[in-house]
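# Residue-level structural notes
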Amino acid sequence: MAYTITTNLLIFLCLISISKAVRNLNSINNQDESSSLLVDQVGICSLLIETQGYTCEEHKVTTEDGYILNMQHIPKSHDGTKADKPPVLLQHGLLMDGGSWVLNAPDESLGFVLADNGFDVWIANTRGTNYSRGHTSLSPSDPAYWEWSWDELATYDLPASIQFVRNQTGQNLHYVGHSLGTLIAFSAFSKGQTLNMLRSAVLLSPIAYLGQVSSSFARVGADFFLGETLYWLGVHEFAPRGEAVAGLLSGICKTPGVDCFDLMNSFTGPNCCMNSSMTGKFLEHEPHSTSTKNMIHLAQMVRSGTITMYDYGNIYDNKKHYGQLTPPVYDMGSIPKDFPMYLSYGGLDELSDVQDVKTLLESVKDHDPSKLVVQYKEGYAHADFVFGVNAREVVYDPMIEFFKNY
């Protein structure tokens with residue numbers, strides 16, 4: 001017990017010191033106006049996609065609430081053959097950006113695998129990530145820029161991205177989400193949003209409930225209200241690539257006997273199938289910022305075991321925002337029963353925990369069985385679904401067969 005308390009206290013103090021440093025130091029995510037122009041010129045296309053020999057286009061998508069999102073389009077296979085299958089939109093997870101879909105080798109990265117199978121590939125990037133920091137009136141240096149949680153990602157970012165692809169292609173599309181990308185999809189689907197523009201949805205490491213999360217880092221952060229503490233200190237941007245956090249990770253990685261590949265495992269579960277050489281490339285391009293409010297919202301899910309809108313913490317603010325004393329619930333059972341979904345989860349995943357996935361599956365038990373495919377991979381953890389060297393054979397090939405039905 002004493003060891004646990006000491007460990008939790010050290011983590012708590014560490015994050016407090018990080019929060020102070022983030023407020024006082026310029027991170028690569030909080031650059032001045034002159035350097036932000038360079039960010040617009042160098043993006044995922046030039047850094048990760050064109051370098052592998054693929055054609056890539058950069059697009060801008062503006063949400064209804066004024067956020068300007070970056071999107072990548074891979075219209076052809078590696079050999080230059082134009083896509084002849086429907087569009088697919090890829091939505092990344094928490095603290096990631098769209099680059100996560102193309103970080104591995106071409107025969108291992110879902111973005112490239114889909115393109116080489118003839119699909120028209122579109123890659124979404126949520127607000128606050130390195131190349132989606134634009135706004136029609138706000139700057140990332142304004143606290144108001146960061147006043148959002150995954151509620152807004154489900155209400156604004158996801159519909160805007162899907163609508164953009166629908167407008168550009170004239171076709172309904174397939175959707176693939178990982179982790180947070182599944183949470184915002186489930187939430188939108190439960191309200192009937194975007195379904196008229198989609199053919200199907202693939203949800204990897206599906207998250208709708210977090211009450212049974214077994215990741216010690218996630219659990220400690222939620223139980224000690226660390227997100228709330230950062231917010232109270234005035235840290236509205238949760239910037240894992242800020243100087244303080246980067247220095248912390250660098251120091252840990254240099255400690256004898258510490259493997260940074262295992263550091264990722266400690267967050268996500270013991271990933272079976274990631275190449276250890278991925279660590280350097282991952283740290284070069286990931287992770288990305290999100291809002292502190294978003295981290296608070298996720299922590300609320302861990303503590304409560306429910307899936308609701310953001311809880312403002314008192315009946316007065318909840319009443320002001322929602323017209324009721326408690327935040328509204330996202331009802332997973334209201335997802336249309338005939339909407340095609342493919343859910344794939346892992347037995348070693350400590351973020352999308354097996355017990356939470358079972359809760360989700362129970363909530364959609366009345367779904368048309370011919371329109372719901374559930375894949376369970378006993379040896380997979382959270383990151384394997386995106387970075388696993390064997391994910392093509394284990395997950396992507398069956399996914400493509402699923403797409404062919406719709």
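What this report covers is the structure whose coordinates are included nearby.

Next up on the list: the nonpolar core. By size, the foremost hydrophobic cluster in this structure holds 60 residues, and its most contacted members are L89, W150, Y175, F186 and M332. Beyond its immediate chain neighbours, meaning those up to four positions away, Y175 contacts L89, Q91, L158, G181, I184, A185, L198, S200, A201, V202 and L203. Counting 44 residues, the second-largest nonpolar core is a separate cluster that includes Y54, L103, A115 and F387.

By the definition in use, this model includes nine salt bridges. Across the pair R303 and E228 runs a salt bridge, and its minimum N-O distance is 2.6 Å. Residue R303 is located in helix α12 (residues 292–304), and its partner E228 is located in helix α8 (residues 226–232); the two are separated by 75 residues in the primary sequence. Note on R303: relative accessible area 30%, which makes it partly exposed. Between R392 and D397 there is a salt bridge whose closest N-O contact spans 3.9 Å. Judged by relative accessible area, which is 26%, R392 ranks as partly exposed. Exposure remark for D397: the relative accessible area of 32% places this residue in the partly exposed category. Each of D65, R127 and D157 takes part in one network of salt bridges that share partners.

Attention shifts here to the state of the cysteines. Throughout the structure, instances matching the rule amount to one disulfide. At a sulfur-sulfur separation of 1.9 Å, the disulfide partner of C45 is C56. Across the S-S bond linking C45 and C56, the dihedral sits near -65 degrees, which makes this disulfide left-handed. Of the two residues, C45 sits in helix α3 (residues 44–49) while C56 sits in the loop between α3 and β1 (57–62), which places them 11 residues apart along the sequence. Of the two residues, C45 and C56, both sit in the buried class.

Scoring rules and cut-offs
Residues numbered from 1 in each chain as written. Predicted model: local features only at pLDDT ≥ 70, side-chain atom pairs only at ≥ 80, totals over all residues. Heavy atoms only, no water. Core = buried A, V, L, I, M, F, W, Y, C linked by side-chain atoms within 4.5 Å. Buried < 20%, exposed > 50% of the residue type's maximum accessible area, 1.4 Å probe, protein only. Contact = heavy atoms within 4.5 Å. Salt bridge = Lys/Arg side-chain N within 4 Å of Asp/Glu carboxyl O. Helix = DSSP H or I, 4+ residues; strand = E, 2+ residues; numbered from the N terminus. Disulfide = S-S within 2.5 Å.

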